[in-house]
Amino acid sequence: MNRKPWILLMAALAAASLAVLASAGLGGRASAPAPGAGSVPQASAAAKTTFPGLVSAEGEPDLAGLRTARPAPGQILEIQGPFDDRILFQDLAFDGQAATGAVRVTSDVSDLLELQVLAGFYDDRGNLLGTARFVHHLGTEGHAHSGPSEEGEEFSIPVPAGLAPHAVSAAVGVPVLVNE
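Note that the structure is predicted; figures quoted are calculated from it, not measured. Once a new chain begins, its residue numbering starts again from 1 and follows that chain's sequence as written. Thresholds applied to this predicted model are a pLDDT of at least 70 for local features of residues and 80 or more for the giving and counting of side-chain atom pairs; totals over whole chains, interfaces and linings are not thresholded and use all residues. Processing note: side-chain calculations cover all non-hydrogen atoms of the structure and skip hydrogens and water entirely.

A short note on the pairing of strand β3 (residues 98-105)
Residue exposure (1.4 Å probe, protein chains only): buried if accessible area is under 20% of the type maximum, exposed if over 50%, otherwise partly exposed. Comment: elements are numbered from the N terminus, with helices defined as DSSP H or I runs of at least four residues and strands as E runs of at least two. Most of β3 is tucked away, with 6 of its 8 residues classed as buried. Remark: 3 residues form the turn of the hairpin made by strand β2 (residues 87-94) and β3, two consecutive strands paired antiparallel; Gly-96 in that turn has positive phi of roughly 90°. Any two strands with at least two DSSP-identified bridges between them are counted as paired. Pairing of β3 with strand β6 (residues 153-158) involves 6 bridges; the strand directions are antiparallel. Bridge assignment links Gly-101 to a residue of β6, and that residue is Phe-155.

Okay, structure coming up:
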């Protein structure tokens, strides 16, 4: 019986095992740069991505329909927004002091994380006087419930100070909705 091939095979397996272990042990570590090697690139040299024609968002989200709505005195309108296929407004009312109602999320939802209801207030000729918003953040004071809201998220948006004597109608829409 010749032992030489057996010994060579075992030595080769041992060397391969050591190579795999060494590679695994050192694979995630960065090597130190050699003395005199070029410096690390500055952050300003990192890749930058731009999209032609895309303007960065500024401020709070808006609903374009607020500028074109013309509600009659005493009326409250629903303004088209990006989430209309996932919500229903219920019990909308305007009493001259506040726009009130509820938003019921109709999509399959386990938690309502973020909701904004934007209201526009109008004079007797249907001109937009100004806006105000209701904001729901999951876990903030007064909004600690979790899970789907069967009845809807109730809101009340007071007419901003200074507009109350002139505001005779309102319109509401949802520019922000985040749910699971």
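Brief notes about the nonpolar core
Counting 24 residues, the largest nonpolar core has Val-117, Phe-121 and Val-174 as the members making the most contacts within it. Among the elements of the structure, β2, β3, β4 (112-122), β5 (128-137), β6 and β7 (169-179) are those that each provide at least two residues to this core. The element best represented in this core is β4, accounting for 5 residues. Setting aside its immediate chain neighbours within four residues, Val-117 contacts Phe-89, Val-103, Ala-132, Arg-133, Phe-134, Phe-155, Ile-157, Val-172, Gly-173 and Val-174. The nonpolar core is taken to be a set of buried Ala, Val, Leu, Ile, Met, Phe, Trp, Tyr and Cys residues, with the residues joined through side-chain atoms within 4.5 Å. Membership of the second largest hydrophobic core comes to 7 residues, among which are Ala-69, Leu-118, Tyr-122 and Ala-171. For this analysis, residues touch if any pair of their heavy atoms sits within 4.5 Å.

Let's talk about unusual backbone geometry
Of note in the backbone geometry, Asp-91 takes a positive phi value of approximately 55° without being a glycine. The topology assignment puts Asp-91 in strand β2.

Let's talk about the confidence of the model for the chain
Each residue carries a pLDDT score, the predictor's confidence in it, ranging from 0 to 100. Per-chain confidence: the chain averages 81 in pLDDT, with 71% of residues scoring 70 or above. Of all helices and strands in the chain, the one with the weakest mean pLDDT is helix α1 (residues 4-26) (70), whereas strand β1 (residues 76-78) scores best (97).

Quick notes on the sheet that holds β3
Spatially, β2-β3-β6 is the arrangement adopted by the 3 strands of the open sheet, whose pairing is antiparallel. Each end of this open sheet is capped by a strand with a single partner; those strands are β2 and β6. Here the strands of the sheet are splayed against their neighbours by 20° on average, with no regard to which way each runs. Note on method: axes are straight lines fitted to C-alpha atoms, helices fitted across the in-contact stretch only, with angles between N-to-C directions ranging 0 to 180 degrees.

Concerning the pairing of β4
Where burial is concerned, most of β4 is hidden: 10 out of the 11 residues are buried. The pairing of β4 with β7 spans 9 bridges and is antiparallel. Within β7, the position partnered with Glu-114 by the bridge is Val-178.

What about the sheet that holds β5?
Spatially, 4 strands are ordered β1-β7-β4-β5 in an open sheet, and the strand pairing comes out mixed. The open sheet has two edge strands with one neighbour each: β1 and β5. The mean inter-strand angle of the sheet, taken between neighbouring strand axes irrespective of direction, is 20°.

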